[in-house]
Amino acid sequence: MFELFRAIVPSYHKKILDELPQMAAIQHNNCMYIAHHLTTLGHQFSNRLPWPVSDGTATFIDMVSPLRKCGQDCYLAQLRRQRSAILESLSLAGSFVGASNPTQAQAIEKALKQVIQQLLYLNRVWRDILPCDVFLKSIGALLNAALEEIVKCVLNLQDISATEAGYLHQLLSVSLDEAPMVFKPVSENPEVAKTFSVTRYAKQWPRFEKLLVILEATLQTIVDMWGDGKTSFARQFTVSEVRGLIRALFKNTDRRAEALARIKLPAK
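### With respect to the packing of helix 4 (residues 61–91) against helix 6 (residues 132–155)
At their nearest, the axes of helix 4 and helix 6 sit 10 Å apart, and the two run at 30 degrees to each other. By the criterion of interaxial angle, the relationship of helix 4 to helix 6 is roughly parallel. The way helix 4 lies across helix 6 gives a crossing that is right-handed. Contact residues: Tyr-75, Leu-79, Gln-82, Arg-83, Ile-86, Leu-87 and Leu-90 in helix 4; Val-134, Ser-138, Leu-142, Ala-145, Ala-146, Glu-149 and Ile-150 in helix 6.

### Observations concerning the environment of Pro-180
Mapped onto the elements of the fold, Pro-180 is located in the loop between helix 7 (162–178) and helix 8 (190–193). Its relative accessible area of 25% is what places Pro-180 among the partly exposed residues. Those residues in contact with Pro-180, other than ones at most four positions away along the chain, are Val-198 and Trp-205.

### As for the packing of aromatic side chains
Scanning the entire structure with this criterion turns up 7 aromatic pairs. With 6.3 Å between their ring centres and 40 degrees between their planes, Phe-183 and Tyr-201 make a pair best called tilted. A residue pair is termed long-range when its members are at least 10 positions apart, and Phe-183 in the loop between helix 7 and helix 8 and Tyr-201 in helix 9 (residues 198–201) qualify at 18 residues. Three or more aromatic residues joined by ring pairs form one cluster here, namely Phe-183, Phe-196 and Tyr-201.

### What about the environment of Leu-79?
Secondary-structure assignment places Leu-79 in helix 4. Note on Leu-79: relative accessible area 15%, which makes it buried. In this structure, the C-alpha to C-alpha distance between Leu-79 and Lys-137, residues 58 residues apart in sequence, is 11 Å. Contacts of Leu-79, omitting those with residues within four sequence positions, involve Trp-126, Ser-138 and Leu-142.

### A closer look at the nonpolar core
Ranked by internal contacts, the top residues of the largest apolar core, which has 70 residues, are Phe-96, Trp-126, Leu-143 and Leu-172. The residues touching Leu-143, leaving out its near neighbours within four places in the chain, are Leu-119, Ala-179, Val-182, Phe-183, Val-198 and Ala-202. The next biggest cluster of nonpolar side chains, apart from the first, holds 9 residues, and it includes Ala-35, Leu-38, Met-63 and Val-64.

### A few points about the pattern of salt bridges
Pairs may arise between side chains of opposite charge once their charged atoms sit close together. Counted by the stated rule, this structure contains 10 salt bridges. As a salt-bridge pair, Glu-19 and Lys-15 come within 2.7 Å of each other at their nearest N and O atoms. Here Glu-19 and its partner Lys-15 are both found in helix 2 (residues 14–19), 4 residues apart, which amounts to about one turn of the helix. Between Arg-207 and Glu-241 there is a salt bridge whose closest N-O contact spans 3.1 Å. Remark: Glu-241 occurs in helix 13 (residues 239–249) and Arg-207 occurs in helix 10 (residues 205–216); sequence separation between them is 34 residues. On the basis of relative accessibility, which here comes to 15%, the residue Arg-207 falls in the buried class. What makes Glu-241 partly exposed here is its relative accessible area of 21%. Among the charged side chains, a salt-bridge network with shared partners connects Lys-14, Asp-18 and Arg-81.

### A short note on the side chain of Arg-256
Topologically, Arg-256 is positioned in helix 14 (residues 254–262). No salt bridge is formed by the buried Arg-256. Its closest oppositely charged neighbour is Asp-159, at 7.5 Å.

### Thoughts on the side chain of Asn-144
Structurally, the position occupied by Asn-144 is in helix 6. Residue class for Asn-144 comes out buried when judged on its relative accessible area of 16%. With residues near it in sequence (within four places) discarded, Asn-144 still touches Ala-202, Lys-203 and Gln-204.

Parameters at a glance
- Residues numbered from 1 in each chain as written.
- Predicted model: local features only at pLDDT ≥ 70, side-chain atom pairs only at ≥ 80, totals over all residues.
- Heavy atoms only, no water.
- Axes fitted to C-alpha atoms, helices over the stretch in contact; angles between N-to-C directions.
- Helix = DSSP H or I, 4+ residues; strand = E, 2+ residues; numbered from the N terminus.
- Parallel < 35°, antiparallel > 145°, perpendicular 65-115°, else oblique.
- Left-handed = near helix turned anticlockwise from the far one by under 90°.
- Contact = heavy atoms within 4.5 Å.
- Buried < 20%, exposed > 50% of the residue type's maximum accessible area, 1.4 Å probe, protein only.
- Phe/Tyr/Trp six-rings, centres within 6.5 Å; stacked < 30°, edge-to-face > 60°.
- Core = buried A, V, L, I, M, F, W, Y, C linked by side-chain atoms within 4.5 Å.
- Salt bridge = Lys/Arg side-chain N within 4 Å of Asp/Glu carboxyl O.
- Lys, Arg positive; Asp, Glu negative; His and termini not counted.

Purely geometric numbers; function is a separate question.
Here it is in structure tokens:
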């Protein structure tokens, strides 16, 4: 019966497991629940089994790992689909080029809103199904993928005017304010809240925060934030990334050349 469940459900219900994230989460839970009980099922009912298997030799341990893998594979496939959908939404932002253009600014805003709405939708359909830790890790992984793509696109910009930097900062700041909402209300659970932070589940969060600071910072402020190359800011960006941002944001002057020279790896 357990083998039939593992073999039939993923194929017979493939369409619904692919299209509905809540059903993928339920399948994940079902597999984990059954696998958990299989660890003790043989011992629990040994007195009802005929000899010689009633002496404790009958177990279902060999089915535990395949069932867990069945649930994990289904759920991870759903996460990959959601990640692709989020990145597809961000592609509408046109690599974040020309943010000062009203039409392009509208496209960027729409793309960012779509990402947040997708994450809020997943929040609603997953938060009452998945265990807290699995839920937070899943939402965090998807948010992290979005942040990584946003940061990468901005770092790749070759020329960012002061006006464009202001628009980018304004547009991305909305995401900065709204992103923590995708973890609620689970993150507000008293036990979870003790150790919760967005950074714990979305490793790109500090880079995203610092990037917004750079977009509004003066040349001297960036140099000061870099310091001796051992600051918290310097841990988030490489030398080439900071130099690239300086070249994109500021005109080619002696002050810029001096600033670029000061952005270097710390002395050993």
